[in-house]
Amino acid sequence: MMDDLDHVRVREAATLMHTYGRQPVAFVRGEGAWLYDRAGRAYLDGLSGLAVTALGHAHPEVAEAVAAQASTLVHTSNLYFTRPQIDLAEGLANTFGWSDARSFFCNSGAEANEAALKLARLHGRRRDPDAVHVVALEGGFHGRTLGALKATGNPAKHRPFEPLGDWVTHVAHNDADALRAAVDERTSAVLVEVVQGEGGVRPVPAEVLRAARDACDRVGALLIVDEVQTGLGRLGSWYGWQTALDGVPVRPDVVCLAKALANGLPIGAIVAHGEAAKVFEPGDHATTFGGGPVVCAAALAVLGIIDRDGLVDRAATLGDRLAERVDALAVAGPLVTGHRGRGLLRAVTLDAPVAADVTAAALDDGLIVNAVAPDAVRFAPPLTLTDDELDEMLARFATAVDAVAHEAS
Ligand SMILES: Cc1ncc(COP(=O)(O)O)c(C=O)c1O
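Residues numbered from 1 in each chain as written. Predicted model: local features only at pLDDT ≥ 70, side-chain atom pairs only at ≥ 80, totals over all residues. Heavy atoms only, no water.

*Asks:* Got a minute to help me understand helix H10 (residues 293-308) in this structure?
*Replies:* In an α-helix, one turn spans 3.6 residues, which is why side chains three or four residues apart end up on the same side. Here H10 spans 22 Å end to end across 16 residues, near enough to the 22 Å set by a 1.5 Å rise per residue. Burial analysis of H10 places 12 of its 16 residues in the buried class, which makes it a mostly covered element. Burial in H10 covers these residues: Pro293, Val294, Val295, Cys296, Ala297, Ala298, Ala299, Ala301, Val302, Leu303, Ile305 and Ile306. Packing partners of the buried residues in H10 comprise helix H3 (60-70), helix H4 (83-96) and helix H11 (311-332). Positioned one or two residues after H10, Gly310 has a phi angle of 60°, which is positive. (Helix = DSSP H or I, 4+ residues; strand = E, 2+ residues; numbered from the N terminus. Expected span 1.5 Å × (residues − 1). Buried < 20%, exposed > 50% of the residue type's maximum accessible area, 1.4 Å probe, protein only. Contact = heavy atoms within 4.5 Å.)

Here it is in structure tokens:
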């Protein structure tokens with residue numbers, strides 16, 4: 001007899017395009033840091049979607065904000081003013097500490113990067129019609145739409161869709177000299193993450209971020225920081241650029257946000273200040289759903305909760321605790337060699353390419369993490385995790401590591 005999961009598999013294979021390799025579980029409910037399958041089995045979510053549900057699943061105050069807005073006003077188009085969009089823009093400006101911040105809202109991380117790249121192109125072309133080029137980092141990930149894909153520093157993802165144009169130069173994520181050399185008068189923007197999420201949770205050295213800022217200033221280009229994965233407290237600061245690797249801020253012109261902004265509802269945003277905030281004029285860029293009242297109400301609730309509950313500092317504290325636990329695992333047991341990342345975005349490194357096996361064993365154990373590289377497992381748990389949940393997460397992970405090590409020996 002087909003069990004429930006087999007049945008789901010068959011239905012999906014018949015009806016959905018095969019874009020995703022799914023893990024063998026179907027969730028029906030979530031609460032806080034826990035997800036539940038149809039049989040009621042609980043899984044500890046060490047990944048928050050992919051760094052999305054930072055306040056945990058089904059946060060009651062976000063749910064209430066969504067329900068209240070959904071029963072009041074869902075959509076008007078962007079031909080009209082709506083208050084939640086303005087409230088959210090004001091809320092975001094406060095988190096940046098930029099009195100002249102302006103936002104544009106869209107629907108995803110890729111769209112945020114597209115908006116930022118278009119903005120930079122307009123800005124560049126006012127200086128020099130050829131200033132449409134972008135410098136980005138190898139290993140960077142910016143999304144799957146054609147522009148964001150081109151900016152993504154992973155040639156294997158480009159190849160099936162080429163040609164994608166020759167307007168992006170990629171340099172190594174840790175080579176400040178190469179970055180300086182790549183930026184010239186034709187550069188409209190340098191696009192970087194502070195910690196490369198999909199690229200393996202690799203922090204970008206402060207000297208590279210500083211070189212990016214200096215190079216942009218030298219030629220009049222914009223520094224775009226893609227904080228789609230790192231923003232909104234995950235790194236233990238509101239935004240990664242505020243602390244860089246050495247704790248000194250590197251001020252971007254434009255910041256891209258998405259994932260955690262509405263705790264799971266689709267939203268993207270770019271936030272700019274100074275000259276960059278004034279580039280777009282009516283007709284330059286738009287989206288039907290962007291800045292809709294419901295997602296904006298959800299995102300405003302998210303910002304309020306992060307602020308009220310001190311979740312930025314909490315992410316830093318939990319991140320330190322996670323790092324300590326992983327250090328202990330590295331000393332005590334097999335496979336684990338250490339960790340990289342910041343706050344609650346971490347990759348646990350392994351001494352063999354068995355991250356997928358460890359992830360599968362963890363799922364068996366009721367823990368959700370993912371293989372972000374063949375030899376690295378990503379943790380991006382909710383910022384609302386309790387100390388006990390964090391310890392439980394690491395205990396389950398240790399069991400999974402032991403199981404894989406045992407199998408290999
Ligand atoms: C840094 C970064 N930028 C952009 C994206 C693309 O976001 P989306 O999948 O919402 O288009 C991602 C997604 O993982 C990301 O991590």
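Here the narrative resumes, following the displayed structure.
*Asks:* How should I be thinking about the pairing of strand S16 (residues 370-373) in this particular structure?
*Replies:* Working note: regular strand, side chains alternate between the two faces of the sheet. Looking at chain direction, S16 and strand S17 (residues 376-379) are connected through 3 bridges and run antiparallel. Each bridged residue has a counterpart across the sheet, and for Ala371 the counterpart in S17 is Val377. (Pairing = 2+ DSSP bridges.)

*Asks:* What is the right way to look at the nonpolar core in this model?
*Replies:* One recurring pattern in soluble globular proteins: nonpolar side chains tend to sit buried together. Leu92, Val358, Met393 and Phe397 are the most contacted members of the largest nonpolar core, which totals 66 residues. The element best represented in this core is helix H13 (residues 387-408), accounting for 9 residues. Residues in contact with Phe397, not counting those within four places in the same chain, are Leu329, Val336, Val348, Val358, Leu367, Val377 and Phe379. Residues Ala51, Leu179, Val183 and Val195 belong to the second largest nonpolar core, which totals 34 residues. (Core = buried A, V, L, I, M, F, W, Y, C linked by side-chain atoms within 4.5 Å.)

*Asks:* What is the right way to look at the packing of H4 against H10 in this model?
*Replies:* The description of two packed helices rests on the angle between their axes and on the distance between the axes. Viewed as axis vectors pointing N to C, H4 and H10 meet at an angle of 30°, and their least axial separation amounts to 8 Å. Comparing the axis directions of H4 and H10 gives the class roughly parallel. With respect to the hand of their crossing, H4 and H10 are arranged in left-handed fashion. Here Pro84, Gln85, Asp87, Leu88, Gly91, Leu92 and Thr95 of H4 lie close against H10, whose contacting residues are Pro293, Cys296, Ala297, Ala299, Leu300 and Leu303. Per-class residue counts for the contact of H4 with H10 are 9 nonpolar, 3 polar and 1 charged. (Axes fitted to C-alpha atoms, helices over the stretch in contact; angles between N-to-C directions. Parallel < 35°, antiparallel > 145°, perpendicular 65-115°, else oblique. Left-handed = near helix turned anticlockwise from the far one by under 90°. Nonpolar A, V, L, I, M, F, W, Y, C, P; charged D, E, K, R; others polar.)

In short, shape yes, function no, at least from these values alone.
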